[in-house]
Amino acid sequence: MQRAAGCNAIHIGHVIGGAAQLRQTSGRELCAVRVVLHVLQRGFGRRFDVRVRLGDFAIARREISDEELRPGAFVSGPSQFSLADAALWYLVFGATGRIEPMALTSELSIRFLRPAQGKVLWAKATLDVAGRRNVVGTIRVWCDDRSDRPTATAQGTYVLPL
């Protein structure tokens, strides 16, 4: 496995029953590698960049295409919603310590705070509660390097398989 540039630590162990086991090798940051990207490509149909800190937060990033823009060069709501959902899914990996492709969105609500304009969309999911059967998190979405000016905030729950 190779690490993404600028990342401290991730090791994806072998896949057991469809869930790759995560373990920390050094530092606390987990970064996307080939196995993770393969799971994400299958799950979302396109690539998102991801960074996960075990049990704390997950950050998802993607470049905005022209097809995702509304008149006025505003990033569409569905694009923001899907990235928020992806960030929460990544948070499940850190909260459970494994890549769990069968974790499912149980509930996700979003509030749009201001128009989103930019080239890169970011979403940071922070852990609220992790239980045996679900993971609850809060997500902030912003454009480019303006994390102090969120465009949306969301909260959601993922259900874990038995």
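Here goes a summary of the coordinates provided. (Residues numbered from 1 in each chain as written. Predicted model: local features only at pLDDT ≥ 70, side-chain atom pairs only at ≥ 80, totals over all residues. Heavy atoms only, no water.)

### Observations concerning the overall build of the protein chain
Applicable threshold: Secondary structure elements are taken from DSSP: a helix is a run of H or I of four residues or more, a strand is a run of E of two residues or more, and numbering for both begins at the N terminus. Relative accessibility under 20% of the residue-type maximum defines a buried residue, over 50% an exposed one, and the middle range a partly exposed one, all with a 1.4 Å probe and only protein chains included. Contacts: residue pairs with any heavy atoms within 4.5 Å of one another.
In terms of helices and strands, the protein chain carries 2 helices and 11 strands. When the helices and strands of the protein chain are read in sequence order from the N terminus, they spell out β-β-β-α-β-β-β-β-α-β-β-β-β. Taken across its 162 residues, the protein chain has 43% of its residues classed as buried. For the protein chain, the proportion of contacts with a sequence separation of at least 24, taken over those separated by at least 6, is 58%.

### Some remarks on the pairing of strand S11 (residues 152–159)
For clarity, the cut-off: Strand pairing is assigned whenever DSSP detects at least two bridges linking the two strands.
Summarising the sheet, strand S8 (residues 104–112) and S11 pair through 8 bridges and their orientation is antiparallel. Looking at S11, one finds that Ile 110 is bridged to Ala 154. As paired strands, strand S10 (residues 134–143) and S11 are joined by 8 bridges and run antiparallel to one another. Bridging from a neighbouring strand, Gly 137 pairs with Gly 156 of S11.

### Section: the pattern of salt bridges
Keep this limit in mind: A pair is scored as a salt bridge if a Lys or Arg side-chain nitrogen falls within 4 Å of a carboxyl oxygen belonging to Asp or Glu.
What the rule picks out here adds up to 4 salt bridges. For Glu 68, the salt bridge goes to Arg 62, with nearest N and O atoms at 2.1 Å. A single burial state applies to Glu 68 and to Arg 62, both of which are buried.

### Notes on the environment of Phe 81
Its place among the elements puts Phe 81 in helix H2 (residues 77–96). Taking C-alpha positions, Phe 81 is 9.5 Å from Arg 111, a pair spaced 30 residues apart along the chain. If near-sequence neighbours (up to four positions away) are discounted, Phe 81 is found in contact with Leu 108 and Ile 110.

### Some remarks on unusual backbone geometry
Even without glycine at this site, Ala 73 takes up a positive phi of about 65°. Its location among the elements puts Ala 73 in the loop between strand S6 (69–70) and strand S7 (74–75). The partly exposed category is assigned to Ala 73, whose relative accessible area is 40%. With a phi close to 50°, Asp 144 is a non-glycine residue in the positive phi region. Mapped onto the elements of the fold, Asp 144 is located in the loop between S10 and S11. Judged by its relative accessible area of 22%, Asp 144 falls in the partly exposed class.

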